[in-house]
Amino acid sequence: MQEAMFELVSSEASYYKSLEILETHFLHNPILINTLNQSDMHFLFSNIKEVVKASERFLMDLEHRMEQSILISDVCDIVHQHAMAHFHVFNTYVIHQVYQEKTYRRILQENVAFREAISTLEKMSCVRGLSFMSFLILPFQRITRLKMLVQNILKRAEENTEREAHAIQAHQKLEQIVKECNEGVRKMSRTEELISIEKTLDFKSKSVPIISHSRWLLKKGEVQQMSGPKSTRTIRSRKLYQPVYLFLFNNLLLITKRSSSGEKFQVLDSCTRAMLRTEDQEDQGQLLANIFHLKLLENQEERMVSYMLKTTSMSDKMRWIYALTPTPRTRFMSMSAHQPDSPQVQCIQSCMAQEPDELSVEMADVLNLLERTDDGWMMGERLHDGERGWFPTRVAEEIQNKEVRAQNRKEVLRIQQAKIDGPAAAVRMGLRRGRCPPKVSNFPRTEDVQ
């Protein structure tokens, strides 16, 4: 427990030191400032000054706690207080990260003076060989890392203690902040993606409005449509399939054909997602492998239409089936809801999602294993937030120990139960052992520490 709490404090000190380098070496560097206009400065650095101040206040209170005793009494109460009062600055910074990256790429291409200045600054010893962008993404990395550190403390906390109550409260608030950050980034990215897609669409007949605040892309890609009967002649002539390009949104499917230029897509058919049905088909040789049946119960012309589609691999077929019809009719259901001991995997390395139906995972994430393919993909549901998606098999290992799986489920249930009971119940945990409820400010404010 002491080691887990010390890791939180020491890592915050390291993070703050890196923020200081970003602020003093880049943000306040006169050479760099002279290469940028005010608008570009804002998009690049956003509210980083507020983020630095929040970290400074947080670190000072953590260090003050450590000075009080050789053994650290607690840190999660401080985490919770600062998360409630100051960590909202992370939301603003992270949500603007999409514009930050685009602005940086644009300036690198257009602004020679900026490019030369950044190159010079990145070569200096104080940055330890790190790039400018690696400093800019520090706040988002930190808030997710902080949640994991608190979760590690929670695992080691004795049940029904004040320390456990503080850890649960801190974890809940950090999880909320991370979720809000992710949702903010997701909304901005989704809107830009819809605008980009709409520009490429050419509707054959009835036009469908694409841009909507309640719509987002789930999956897109090319599949092969069976274009004729399964006769020996058509199979041998390789004219059995014609390429079609699918755009699947959360509430709409567009079946399109790519233009000869490859830049436009002619919309051939459309259907609301709720009116889609899929059926897996058994492989019948190489040309009839990885096939599934897609039925549109009511398409754009209010007719029922069927498509026989072929994908490039088994995993691609399964991913399309799940994306098109993720209902109880398919095999992709959360096993945690109806099985006492469902398979679990733990991530051994981080992996960023490359497609909308994939899940970004961090090292040490634990997931319920919902599906596995023979060609290197897993479909999982992360325990701590319920997020689902596909990820490569190579980044995770199956948890073989039954007791470890049971402990993972128990820890998740502890947090979920605390959410249901509310903060007051978490405080009462300490009272069960005769403890007094913690005061709101049981340590001096940062402003009072000299």
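Right above here is the structure, for reference.
**A few points about the overall build of the protein chain**
Reasoning step 1: Check the secondary structure of the protein chain and you find 15 helices and 13 strands.
Reasoning step 2: For the protein chain, buried positions account for 46% of its 450 residues.
Reasoning step 3: Considering only intrachain contacts with a sequence separation of at least 6, the fraction spanning at least 24 residues in the protein chain is 63%.

**Some thoughts on helix 7 (residues 97–110)**
Reasoning step 1: Across its 14 residues, helix 7 extends 20 Å between first and last C-alpha, which sits within 8% of the 20 Å expected from 1.5 Å per residue.
Reasoning step 2: Turning to helix 7, its buried residues number three or more, namely Q97, V98, Q100, T103, Y104 and I107.
Reasoning step 3: As for helix 7, its buried residues are in contact with helix 3 (38–45), helix 6 (88–95), helix 8 (112–122), helix 9 (132–136), helix 10 (138–156) and helix 11 (162–200).

**Things to note about the layout of surface pockets**
Reasoning step 1: If you add up the space inside the second largest pocket, you get close to 400 Å³.
Reasoning step 2: If you trace the second largest pocket, you find 20 residues lining it, with M148, Q151, K155, A364 and V366 closest to the centre.
Reasoning step 3: The set of elements that each furnish at least two residues to the lining of the second largest pocket consists of helix 10 and helix 14 (402–421).
Reasoning step 4: Of all the elements, helix 10 adds the most residues to the lining of the second largest pocket, at eight residues.

**Details of unusual backbone geometry**
Reasoning step 1: One non-glycine residue, N160, lies in the positive phi region at around 60 degrees.
Reasoning step 2: Take N160: it is sitting in the loop between helix 10 and helix 11.
Reasoning step 3: For N160, a relative accessible area of 31% corresponds to the partly exposed category.
Reasoning step 4: One non-glycine residue with positive phi stands out, namely A364, at about 85 degrees.
Reasoning step 5: You can see A364 is positioned in the loop between strand 9 (344–347) and strand 10 (366–372).

**Overview of the sheet that holds strand 2 (residues 217–226)**
Reasoning step 1: On the basis of which strands lie adjacent, the open sheet formed by eight strands has the order 1-5-4-3-2-8-7-6 and mixed pairing. Sheet topology places strand 1 (201–203) and strand 6 (276–280) at the edges, where each strand pairs with a single neighbour. Here the strands of the sheet are splayed against their neighbours by 40 degrees on average, with no regard to which way each runs.
Reasoning step 2: As defined by bridge partners, strand 3 (residues 241–249) adjoins strand 4 (residues 252–258) across four bridges and the pair is classed as antiparallel. When the sheet's bridge partners are listed, Y245 is paired in strand 4 with T256.
Reasoning step 3: Those strands touched by helix 11 are strand 1, strand 2, strand 3 and strand 5 (265–272), and its axis lies near 50 degrees from that of strand 1.
Reasoning step 4: Its contacts with the sheet put helix 13 (residues 314–324) on strand 2, strand 3, strand 4, strand 6 and strand 7 (291–296), and the angle it makes with strand 2 is roughly 120 degrees.

**A short note on the sheet that holds strand 10**
Reasoning step 1: Strand order in this open sheet of five strands is 12-11-10-9-13, and the pairing throughout is antiparallel. The outermost strands of the open sheet, each flanked by one partner alone, are strand 12 (388–392) and strand 13 (396–398). With strand direction ignored, the average angle separating the axes of adjacent strands in the sheet is 45 degrees.
Reasoning step 2: Each of strand 10, strand 11 (377–382) and strand 12 is contacted by helix 13, which is oriented at about 170 degrees to strand 12, the strand it contacts most.

Criteria and thresholds
- The residue numbering used here restarts from 1 in each chain and proceeds along that chain's sequence as written.
- Restriction of local features to residues with pLDDT of at least 70 applies here, the model being predicted, together with a cutoff of 80 or more for giving and counting side-chain atom pairs; totals for whole chains, interfaces and linings are based on all residues.
- In computing side-chain values, all of the structure's heavy atoms are included and hydrogens and water are not.
- Only DSSP runs of H or I reaching four residues or more are called helices, and only runs of E reaching two or more are called strands; each is numbered from the N terminus.
- Classification of residues uses two cut-offs on accessible area relative to the type maximum, computed with a 1.4 Å probe and protein chains only: under 20% is buried, over 50% is exposed, and between them is partly exposed.
- Throughout, a residue-residue contact means that at least one pair of heavy atoms, one from each residue, lies within 4.5 Å.
- An expected span of 1.5 Å times one less than the residue number is assigned to each helix.
- With a 1 Å grid spanning the protein atoms alone, the term cavity applies to any set of points in which a 1.4 Å probe fits but cannot get out, the term pocket to an open set with protein on both sides within 12 Å along at least five of seven lines, and the term lining residue to any residue with an atom within 4 Å of a point.
- Grid points are joined across faces, edges and corners, and a volume is the space filled by probe spheres set on the points.
- By this definition, two strands are paired if DSSP reports at least two bridges between them.
- Interaxial angle, 0 to 180 degrees, is taken between N-to-C directions of lines fitted to C-alpha atoms, where a helix line uses only the stretch in contact.

These values are about where atoms sit, not about what they do.
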